[in-house]
Amino acid sequence: MKIVRSRAVEEALQAHLPVVALETSIWCQGLPYPQNVEGARRVALAIREEGATPATLAVDNGNVRIGLEDDELLAWCKACDAVKI
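Summary of the structure given here.

This part takes up the overall build of the protein. What the protein contains, in helices and strands, is 4 helices and 4 strands. When the elements of the protein are put in sequence order from the N terminus, they spell out β-α-β-α-α-β-β-α. On C-alpha atoms alone, the protein measures out to a radius of gyration of 12 Å, which is about the 12 Å that the 2.2 N^0.38 rule sets for 85 residues. Once the C-alpha set of the protein is aligned to its principal axes, its extents read approximately 35 × 30 × 20 Å. Burial status across the protein gives 33% buried among its 85 residues. Counting contacts in the protein only where the partners sit at least 6 residues apart, residues at least 24 apart contribute 67% of the total. When the accessible surface of the protein is split by element, carbon and sulfur atoms take 54% of a total near 5700 Å². Put simply, the protein has 9 plus and 12 minus side-chain charges, and the middle of one group is 2 Å from the middle of the other.

Reading the values: rules and limits
- Residues numbered from 1 in each chain as written.
- Predicted model: local features only at pLDDT ≥ 70, side-chain atom pairs only at ≥ 80, totals over all residues.
- Heavy atoms only, no water.
- Helix = DSSP H or I, 4+ residues; strand = E, 2+ residues; numbered from the N terminus.
- Rg over C-alpha atoms; globule rule 2.2 N^0.38 Å.
- Buried < 20%, exposed > 50% of the residue type's maximum accessible area, 1.4 Å probe, protein only.
- Contact = heavy atoms within 4.5 Å.
- Areas by Shrake-Rupley, 256 points an atom, 1.4 Å probe, with all protein chains shown as cover.
- Lys, Arg positive; Asp, Glu negative; His and termini not counted.
- Charge placed at Lys NZ, Arg CZ, Asp CG, Glu CD.

In short, the description is geometric, and any link to function would need to be established separately.
Rendered as structure tokens:
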């Protein structure tokens, strides 16, 4: 297992800027598609507007992901087989 940070998260950490961790549970198990995508994007935008970087967390193929790109978040929100851990 390895930890994989998105480019945005890596840049924020290197610049000592705030990063807000977000779990995928509400998007993958809590809300139906496409409302989950809309909600995830709105939360991320609100975090960015406050000067922080959103970092949605996921475990993907045994790797811990810290920060998902929009296309990756969309894929997670569409997946109906995502398991809560």
